[in-house]
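Listed here are the chains, written in short residue letters.
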Amino acid sequence: MHDPRSIKLPAMPGRFVLDRLPAFIIVGLLALVPPVCLALEDPFFIRVFMRAINLGIAAAALNLILGFGGLVSLMHAAFMGIAGYVVGVLAHHELNGDALNIAGLSIPGTGNLLVSIPLALVVVAVLSLVTGAICVRTKGIYFIMITLAFNQMLYYLAVAAEPYGGQDGLQLLSDLHFGGVPLPAQVGFFYICLAALVVVLVLLDLIVKSRFGMVLIALRQNETRAAALGVNAYPYQLAAFVISGVLAGLGGALFAVGQKFVSPADLAWLRSGDLAIIAVLGGIAMVWGPILGAVVWVMLELVFSAWTIHWLLLIGVFIILVTLFLNEGLAELWKRLIFAIGRRNRG
Amino acid sequence: MGIVLALEQTLNGIQLGVMLFLMAAGLTLVFGIMNLVNLAHGSFYMVGAFVASTFVVMTGDFIAGVVIAVVITGLVAVAIELGLLRFIYTRTHLDHVMITIGLIFIFDEMTRIIWGVVPVSLPIPKYLSGFVELLPGVRYPTYRLTVLIVGIMVALALYLAISHTRVGMWVRAGASDRPMALALGVNVPKVFSIVFAVGGALAGLAGIMAGPIVAVQVGMGEPVLVLALVVMVIGGVGSFRGAFIAALMVGIVDTFGRVLLPPAIGSMVIFIFMAAVLAWRPTGLFSAHA
């Protein structure tokens, strides 16, 4: 099958900057959101774009295995949600002034995000290692289905967590803080999320360009050939799965703190589908593609839902049209632009 | 657990299994023949139940309503296949996932537009609403027993059609080796349209049969879809026989898991079961492409 990703871009100076320019533009524009919103006295949009940032972190994390690794995971909403629940549950216990008793351990509740977010990432790391150890053994459709099933399993776990609200979800009512420094107001937290986004993007960029990333991409392109070169796929794909899960967990923890709420609906498998759609919409061939996808996605939700109560219908049609006609996502438009410039420069 | 309860739960388990088989049969053959991942299969389940609720009331006759609804669901399925899915077989699995999730959004919202957001009811006719005394002292709802019997009969008919007719032979050939079947002159696209229509109709039938037991509401297909996918994966994708055996296993394990274990574990047990099967055999129990 023809793989559009195999199209070679013309070599030219400044490729390093040019490839990443949209990322700088997107982050720069996002940084302008709070001042503009405050000037317009419409803080609602700060919330909207905070949501875009956190979804973008998770989608970019997913894209490490989806776009670069070729593994279609439908359980990343669960990684997001579980991380959110870890932060929420610890805050809940702090509010109640009791401890979380699990497996013989007694963990005191805390609203300190410098403790609870890293702990959430450790939990997601263990979770993604255990589930990944089984998932990564399978290929193709089996991988899609087994990740979907694990997602649903964790969803039911959240539903069954009656002490933490069960089906109704859990509000983060405790006073959250960073090691004593109180959680800043909306604008401050917006910039914390944006900083996290930049860290995640840089990290993913380094991973993709590293030897590890090259092997991961090679395994997507032709696993048999990579195996003939002496590469054992399993440890690479498992490691990528864990990294991807943990970074999605970071997005999920920030998402929960931003909304002050986490519920089983955050873990629904269709949410995992949304993350994949966000990644593809933006473009899975670029590290920054999913961020663009997330920004466009929340704006679409806003526009469609302002237009009609049946906006999900429009979202459905939109997803199908994008998949049919814009296979490389919005990033493809950027790629075509560079391509055109490159050709003009040479010609 | 008393012997009476055990018997009752076994019947419930088989009933769930038969229903899952009706769902999974279409899914697994669709994937087996055309390599198509159809996450919108749960939507046919929902459409069947909603259409039946309308036509049962309209005709005043349960059986007539059910037959009309099954036919309509099959037609909806074939329209989707000819109008959209036909063009994406050669695309990647990721594209299949995206497009069929898009279809789920569309189906859900269309259902809300047509039937509203409030769950509708699918009444059971009088002659099916009582209890049957299976053994002295063991009473079982007539409706559930009917569902079980109808399900087994449909499964049997399907088995005979697939293993003993010419079309069935094409289906098996397509599922086990599509290029070879094409080379030998089987009209695989036509066979596939038939399979897709029948698969959609069966999913609709499953939804109709579940309708009076659960609420007929938007999104009712999703939990069942996930269970049907579990069945397909355990049975081995593309394997009709595997789907049947796996469906019964999943139905019984799920039913007993919910009765015997605490709720948190009970609803997860089926996924742990699947993980165990896949850890042991990564392509399921009876892979058609072995």
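Residues numbered from 1 in each chain as written. Chains lettered and ligands numbered in written order. Predicted model: local features only at pLDDT ≥ 70, side-chain atom pairs only at ≥ 80, totals over all residues.

(A) Region of interest: the pairing of strand 1 (residues 99-102) of chain A. All names here are of chain A. The pairing of strand 1 with strand 2 (residues 105-108) spans four bridges and is antiparallel. Note on strand 2: the bridge partner recorded for I102 is L105. Counting the residues in the hairpin turn of strand 1 and strand 2 gives two residues, including A103, whose phi is positive at 50°. (Pairing = 2+ DSSP bridges. Helix = DSSP H or I, 4+ residues; strand = E, 2+ residues; numbered from the N terminus.)

(B) Local environment of the confidence of the model for chain A. With 95% of its residues at a pLDDT of 70 or more, chain A shows a mean pLDDT of 87. Confidence, read as mean pLDDT per element, is least for strand 1 of chain A in chain A (76) and greatest for helix 9 (residues 233-259) of chain A (95). (pLDDT = per-residue confidence, 0-100.)

(C) Region of the structure containing helix 6 (residues 186-209) of chain A. With 24 residues, helix 6 of chain A extends 35 Å between its outermost C-alpha atoms, agreeing within 8% with the 34 Å of an ideal straight helix rising 1.5 Å per residue. All of the buried residues in helix 6 of chain A are F190, C193, L197, V200, L201 and L204 of chain A. (Expected span 1.5 Å × (residues − 1). Buried ≥ 20, exposed ≤ 12 C-beta atoms within 10 Å, placed from the backbone.)

(D) Quick peek at the environment of M268 of chain B. Here M268 of chain B shows up in the loop between helix 11 (263-266) and helix 12 (269-280). Sequence-wise, M268 of chain B and G200 of chain B are 68 residues apart; in three dimensions their C-alpha atoms are separated by 27 Å. Apart from the residues within four sequence positions on either side, M268 of chain B is in contact with M153, Y156 and L157 of chain A. (Contact = placed C-beta atoms within 7 Å.)

(E) Molecular detail of the interface of chain A and chain B. Contacts between the two partners involve 34 residues from chain A and, on the opposite side, 35 residues from chain B. Of all the secondary-structure elements, those providing two or more residues to the side of chain A that touches chain B are helix 5 (140-160), helix 10 (269-282) and helix 12 (311-325) of chain A. Examining the composition of the side of chain A that touches chain B, we find that 14 residues originate from one element, helix 5 of chain A, more than from any other. For the side of chain A that touches chain B, the per-class residue count stands at 26 nonpolar, seven polar and one charged. (Nonpolar A, V, L, I, M, F, W, Y, C, P; charged D, E, K, R; others polar.)

(F) Representation of the packing of helix 3 (residues 76-96) of chain A against helix 9 of chain A within the structure. All names here are of chain A. Axis separation between helix 3 and helix 9 bottoms out at 7 Å; the angle between their running directions is 50°. On the basis of the axis angle, helix 3 is oblique to helix 9. Between helix 3 and helix 9 lies a crossing of right-handed hand. Residues H76, F79, M80, G81, I82, A83, G84, V87 and G88 of helix 3 pack against G245, A248, G249, G251, G252, A253, F255, A256 and V257 of helix 9. Residue classes in the contact of helix 3 with helix 9 are distributed as ten nonpolar, eight polar and no charged. (Axes fitted to C-alpha atoms, helices over the stretch in contact; angles between N-to-C directions. Parallel < 35°, antiparallel > 145°, perpendicular 65-115°, else oblique. Left-handed = near helix turned anticlockwise from the far one by under 90°.)

(G) Broad picture of the packing of helix 9 (residues 221-235) of chain B against helix 12 of chain B. Residue and element names in this part refer to chain B. Remark: helix 9 packs on helix 12, axes separated minimally by 10 Å, with the N-to-C direction vectors making an angle of 20°. Between helix 9 and helix 12, the interaxial angle falls into the category roughly parallel. Crossing of helix 9 against helix 12: the hand is left-handed. Contacts between helix 9 and helix 12 involve L227, V230, V233 and I234 on the former and, on the latter, I270, M274, V277 and L278. Residue composition of the contact of helix 9 with helix 12, by class: eight nonpolar, no polar and no charged.

(H) Local environment of unusual backbone geometry. Residue and element names in this part refer to chain A. Positioned with a positive phi, E41 is a non-glycine residue whose angle comes to about 55°. One can find E41 in the loop between helix 1 (15-39) and helix 2 (44-68). Phi at K260 is positive, roughly 55°, even though this residue is not glycine. Inspection of the secondary structure assignment puts K260 in the loop between helix 9 and strand 6 (261-262). Taking the number of C-beta atoms within 10 Å as the measure of exposure, K260 has 15 and is therefore partly exposed.

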